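# An overview of the molecular structure
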Amino acid sequence: MPGTVLHLGATVMCSHLGAATPASSSPRVFVSAMPVLTIADAFSIAGCGLSSSSGPFCASGQFISGAARASAGGVPLAISTGASTCVATGSPMTVVSTQTRVSAA
(Lines give C-alpha, C1' and ligand atoms only; values in the text may rest on other atoms or scores of the structure.)
Protein backbone atom coordinates (compact mmCIF):
# COMPACT_ATOMS: atom_id res chain seq x y z
CA MET A 1 0.00 0.00 0.00
CA PRO A 2 1.50 3.37 -0.97
CA GLY A 3 2.30 5.95 1.66
CA THR A 4 4.14 9.23 2.04
CA VAL A 5 7.90 8.99 2.56
CA LEU A 6 9.02 9.81 6.10
CA HIS A 7 11.76 12.37 6.58
CA LEU A 8 13.71 13.77 9.51
CA GLY A 9 11.01 16.40 10.16
CA ALA A 10 8.17 13.85 10.43
CA THR A 11 6.23 13.63 13.68
CA VAL A 12 6.02 10.05 14.92
CA MET A 13 4.60 8.89 18.27
CA CYS A 14 4.16 5.65 20.14
CA SER A 15 0.60 4.45 20.71
CA HIS A 16 0.70 6.02 24.18
CA LEU A 17 1.59 9.53 22.89
CA GLY A 18 5.33 9.37 23.50
CA ALA A 19 7.47 11.34 21.02
CA ALA A 20 9.55 9.07 18.73
CA THR A 21 12.76 10.69 17.46
CA PRO A 22 14.91 9.01 14.79
CA ALA A 23 18.48 8.32 15.85
CA SER A 24 19.78 8.59 12.28
CA SER A 25 18.68 9.20 8.70
CA SER A 26 19.86 8.72 5.14
CA PRO A 27 22.50 11.40 4.46
CA ARG A 28 22.20 11.20 0.65
CA VAL A 29 18.49 11.28 -0.16
CA PHE A 30 16.33 14.30 0.70
CA VAL A 31 12.64 15.24 0.49
CA SER A 32 11.43 18.70 1.50
CA ALA A 33 15.09 19.60 2.15
CA MET A 34 15.38 16.95 4.91
CA PRO A 35 16.98 13.49 4.88
CA VAL A 36 14.62 10.54 4.35
CA LEU A 37 14.16 7.76 6.91
CA THR A 38 14.59 4.08 6.13
CA ILE A 39 13.39 1.00 7.96
CA ALA A 40 16.92 0.62 9.35
CA ASP A 41 16.61 3.88 11.33
CA ALA A 42 15.87 3.31 15.02
CA PHE A 43 13.68 5.71 17.02
CA SER A 44 14.12 6.66 20.66
CA ILE A 45 10.85 7.30 22.49
CA ALA A 46 10.42 9.85 25.27
CA GLY A 47 7.31 10.55 27.29
CA CYS A 48 5.45 7.27 26.78
CA GLY A 49 2.09 7.47 28.55
CA LEU A 50 2.60 4.12 30.25
CA SER A 51 4.25 4.44 33.63
CA SER A 52 7.12 2.18 34.60
CA SER A 53 5.15 1.05 37.68
CA SER A 54 2.33 -0.39 35.54
CA GLY A 55 4.68 -2.52 33.47
CA PRO A 56 6.87 -2.01 30.43
CA PHE A 57 6.77 1.26 28.54
CA CYS A 58 7.88 2.24 25.03
CA ALA A 59 11.60 3.03 25.01
CA SER A 60 12.47 2.65 21.34
CA GLY A 61 10.84 1.74 18.07
CA GLN A 62 11.50 0.82 14.47
CA PHE A 63 9.64 0.41 11.20
CA ILE A 64 9.56 -3.25 10.19
CA SER A 65 8.13 -2.75 6.72
CA GLY A 66 8.34 0.12 4.27
CA ALA A 67 8.38 0.86 0.57
CA ALA A 68 8.73 -2.22 -1.61
CA ARG A 69 9.99 -0.36 -4.67
CA ALA A 70 11.87 2.68 -3.29
CA SER A 71 15.05 2.64 -1.25
CA ALA A 72 17.96 4.76 -0.07
CA GLY A 73 21.35 3.06 0.08
CA GLY A 74 19.67 -0.25 -0.69
CA VAL A 75 17.38 -0.06 2.35
CA PRO A 76 13.59 0.36 1.92
CA LEU A 77 12.23 3.81 2.74
CA ALA A 78 10.04 4.23 5.81
CA ILE A 79 6.54 5.24 4.72
CA SER A 80 3.48 6.45 6.61
CA THR A 81 1.59 3.20 5.96
CA GLY A 82 4.48 0.93 6.94
CA ALA A 83 4.29 -1.42 9.92
CA SER A 84 6.25 -0.45 13.03
CA THR A 85 6.77 -1.69 16.56
CA CYS A 86 7.88 -0.33 19.91
CA VAL A 87 10.38 -2.22 22.04
CA ALA A 88 9.02 -3.49 25.35
CA THR A 89 5.30 -3.13 24.53
CA GLY A 90 5.08 -4.35 20.94
CA SER A 91 2.57 -1.62 20.12
CA PRO A 92 2.83 0.23 16.80
CA MET A 93 4.13 3.74 16.27
CA THR A 94 1.83 6.30 14.65
CA VAL A 95 2.84 8.83 11.99
CA VAL A 96 1.19 12.11 12.94
CA SER A 97 2.59 14.33 10.19
CA THR A 98 5.15 14.24 7.40
CA GLN A 99 5.77 15.83 4.01
CA THR A 100 3.01 15.25 1.47
CA ARG A 101 4.75 15.64 -1.91
CA VAL A 102 6.58 12.33 -2.23
CA SER A 103 4.93 8.94 -1.89
CA ALA A 104 6.25 5.42 -2.44
CA ALA A 105 4.82 1.97 -2.82
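For clarity, every value in this text was computed on a predicted model and none was experimentally measured.

Next up on the list: the nonpolar core. Residues Phe43, Ile45, Phe63 and Met93 are the most contacted members of the largest nonpolar core, which totals 15 residues. Elements with a minimum of two residues in this core: strand S2 (11–14) and strand S6 (42–46). The residues contacting Phe63, other than those within four sequence positions of it, are Leu6, Ile39, Phe43, Ala78, Ile79, Gly82, Ala83, Ser84, Met93 and Val95. In terms of nonpolar packing, the next biggest core, distinct from the first, is built from eight residues, Val5, Val31, Leu77 and Ile79 among them.

For the rest of this paragraph, the subject is the pairing of S2. Of the two faces of S2, the one holding Val12 and Cys14 is buried and the one holding Thr11 and Met13 is not buried anywhere. Here S2 runs beside strand S3 (residues 19–22); their pairing, made up of two bridges, is antiparallel. Bridge pairing in S3 links Met13 to Ala19. The hairpin formed by S2 and S3 contains four residues between the paired strands, and Leu17 there has a positive phi angle of roughly 70°.

Before going further, it helps to examine the sheet that holds S3. Read across the open sheet, the six strands follow the order S10-S7-S6-S3-S2-S11; overall the sheet is antiparallel. Only two strands of the sheet have a single partner each, and these edge strands are strand S10 (84–87) and strand S11 (93–97). Across the sheet, the mean angle from the axis of one strand to that of its neighbour is 35°, orientation sign disregarded.

Attention now goes to the state of the cysteines. Taken as a whole, this structure holds zero disulfides when the rule is applied. Left unpaired, Cys14 is separated from the closest cysteine sulfur, that of Cys48, by 3.9 Å. Of all cysteine sulfurs, the one in Cys48 lies closest to Cys58, which takes part in no disulfide; the gap is 3.8 Å.

With that settled, the discussion passes to the environment of Pro76. Relative to the elements of secondary structure, Pro76 occurs in strand S9 (residues 75–76). Classification of Pro76 by relative accessible area gives partly exposed; the value is 28%. Placed 28 residues apart in sequence, Pro76 and Ala104 show a C-alpha to C-alpha distance of 9.9 Å. Apart from residues no more than four positions distant in its own chain, Pro76 is found in contact with Thr38, Ile39, Ala67, Ala70 and Ser71.

Located in the positive-phi region is Leu17, a residue other than glycine, with phi close to 70°. Taking the relative accessible area as the measure of exposure, Leu17 reaches 64% and is therefore exposed. If you check the backbone angles, Ser32 has positive phi at about 50° while not being a glycine. Mapped onto the fold, Ser32 is located in the loop between strand S4 (30–31) and strand S5 (34–35). Using a relative accessible area of 45% as the deciding quantity, one classes Ser32 as partly exposed.

On to the environment of Leu17. Its place among the elements puts Leu17 in the loop between S2 and S3. For the pair Leu17 and Thr38, spaced 21 residues apart in sequence, the C-alpha separation works out to 22 Å.

Rules of the game
- Residues numbered from 1 in each chain as written.
- Predicted model: local features only at pLDDT ≥ 70, side-chain atom pairs only at ≥ 80, totals over all residues.
- Heavy atoms only, no water.
- Core = buried A, V, L, I, M, F, W, Y, C linked by side-chain atoms within 4.5 Å.
- Buried < 20%, exposed > 50% of the residue type's maximum accessible area, 1.4 Å probe, protein only.
- Helix = DSSP H or I, 4+ residues; strand = E, 2+ residues; numbered from the N terminus.
- Contact = heavy atoms within 4.5 Å.
- Pairing = 2+ DSSP bridges.
- Axes fitted to C-alpha atoms, helices over the stretch in contact; angles between N-to-C directions.
- Disulfide = S-S within 2.5 Å.

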